[in-house]
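# Reading the structure
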Amino acid sequence: MTQQCLLLAENDCLSVYKREGDQLEQVGYFANDENGRADFSAHLSQNARDSHCFLANISDEQHICENIPLLRGTDRQALIARRVAHHFRPDMPSTSISLGRAAGSPPREQLVIAALTDTTKLAAWLQPLHALAAPCDGIYSLSHIGPVLLSRLHCDVSNCLLLMQCGTSIRE
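The notes below deal with the structure included here. (Residues numbered from 1 in each chain as written. Predicted model: local features only at pLDDT ≥ 70, side-chain atom pairs only at ≥ 80, totals over all residues. Heavy atoms only, no water.)

## A word on the overall build of the protein chain
Within the protein chain, the secondary structure is distributed over four helices and 10 strands. Helices (α) and strands (β) of the protein chain occur, in sequence order from the N terminus, as β-β-β-α-β-β-α-β-β-α-β-α-β-β. Summarising its shape, the C-alpha atoms of the protein chain cover approximately 55 × 35 × 30 Å along the three principal directions. Taken over 172 residues, the protein chain has a buried fraction of 33%. Partitioning the intrachain contacts of the protein chain with sequence separation of at least 6 by distance along the chain shows that 61% fall at a separation of at least 24. If you sum the accessible surface of the protein chain, you get close to 10,600 Å²; carbon and sulfur atoms cover 51% of it. (Helix = DSSP H or I, 4+ residues; strand = E, 2+ residues; numbered from the N terminus. Buried < 20%, exposed > 50% of the residue type's maximum accessible area, 1.4 Å probe, protein only. Contact = heavy atoms within 4.5 Å. Areas by Shrake-Rupley, 256 points an atom, 1.4 Å probe, with all protein chains shown as cover.)

## Quick word on the pairing of strand β1 (residues 4-9)
Of the pairings in the sheet, the one linking β1 to strand β4 (residues 51-56) comprises six bridges and is parallel in character. By the bridge assignment for β4, L6 is matched with C53. A loop of three residues connects β1 with strand β2 (residues 13-20), the two strands running antiparallel in sequence. (Pairing = 2+ DSSP bridges.)

## Topic: the packing of aromatic side chains
For the structure on display, the rule yields two aromatic pairs. Where F40 meets W125, the ring centres are 5.6 Å apart and the plane angle is 80°; that geometry is what we call edge-to-face. Of this pair, F40 sits in helix α1 (residues 34-46) while W125 sits in helix α3 (residues 120-131), and the two are 85 residues apart along the sequence. Among the residues examined, W125 registers a relative accessible area of 0% and is labelled buried. Three or more aromatic residues joined by ring pairs form one cluster here, namely F30, F40 and W125. (Phe/Tyr/Trp six-rings, centres within 6.5 Å; stacked < 30°, edge-to-face > 60°.)

## So, the environment of A56
Structurally, A56 can be placed in strand β4. Linking A56 and S41, residues 15 residues apart in sequence, is a C-alpha distance of 18 Å. When neighbours within four sequence positions are excluded, A56 is seen to be in contact with A9, L116, L122, Y140, S141 and L142.

## A look at the sheet that holds strand β8 (residues 136-141)
The five strands lie next to each other as β3-β2-β1-β4-β8, forming an open sheet whose pairing is mixed. Unpaired on one side and paired on the other, β3 (23-31) and β8 mark the two borders of the sheet. Shown here is a sheet whose adjacent strand axes are inclined to one another by a mean of 20°, direction ignored. When β1 meets β2, the two strands line up antiparallel, connected through five bridges. Across the sheet, the residue bridging to A9 is L14, located in β2. Of the strands in this sheet, β1, β2, β3, β4 and β8 are in contact with α3, which crosses β4 at around 170°. (Axes fitted to C-alpha atoms, helices over the stretch in contact; angles between N-to-C directions.)

## Let's talk about the pattern of salt bridges
Applying the stated criterion to the full structure yields four salt bridges. In this structure, the salt-bridge partner of R83 is E66, at a minimum N-O distance of 2.5 Å. Pair noted here: R83 is in helix α2 (residues 73-87) and E66 is in strand β5 (residues 61-69), with a separation of 17 residues, a long-range link. Since its relative accessible area comes to 22%, R83 is described here as partly exposed. You can call E66 buried: its relative accessible area is 14%. For the salt bridge of R76 with E109, the shortest nitrogen-to-oxygen distance reads 2.8 Å. Of this pair, R76 sits in helix α2 while E109 sits in strand β7 (residues 108-116), and the two are 33 residues apart along the sequence. Relative accessible area serves as the criterion here: at 22%, R76 is assigned to the partly exposed category. (Salt bridge = Lys/Arg side-chain N within 4 Å of Asp/Glu carboxyl O.)

What follows is the structure, encoded as structure tokens:
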């Protein structure tokens, strides 16, 4: 049976979680050393049918605010792609998040363009996924899941500070 797995990568380790009912259960922990990476590859081989969602909790990310003309469709996509390419190398996992319309005239859209800037910390974990052609739904930054989590918990996010403790780090 195919299961969705959450892979949480930190500077010193990778943890694998699977859903058990309405809880996440840790089913694997791999140190960021030669033995840990070999064990992770073995884990992927044993669970080859599982689908993965890769969540990175590393401090090497950059966020840039941009205002772009209010566009739709392929014009908007092309402009955002040019802005991402201007700021980040092609090997950096990146995304853009709309913050809505900017005040003023002419109408503009506010964006946050973000990327994980040090992919060497992720490469050791992503390489086995690629080598085994393991299904991966995406690479996400821990800092970007907060608003989604709060909306699913039906929290008022207008005046909210979300702190997450993950291992030895605290993320805002």
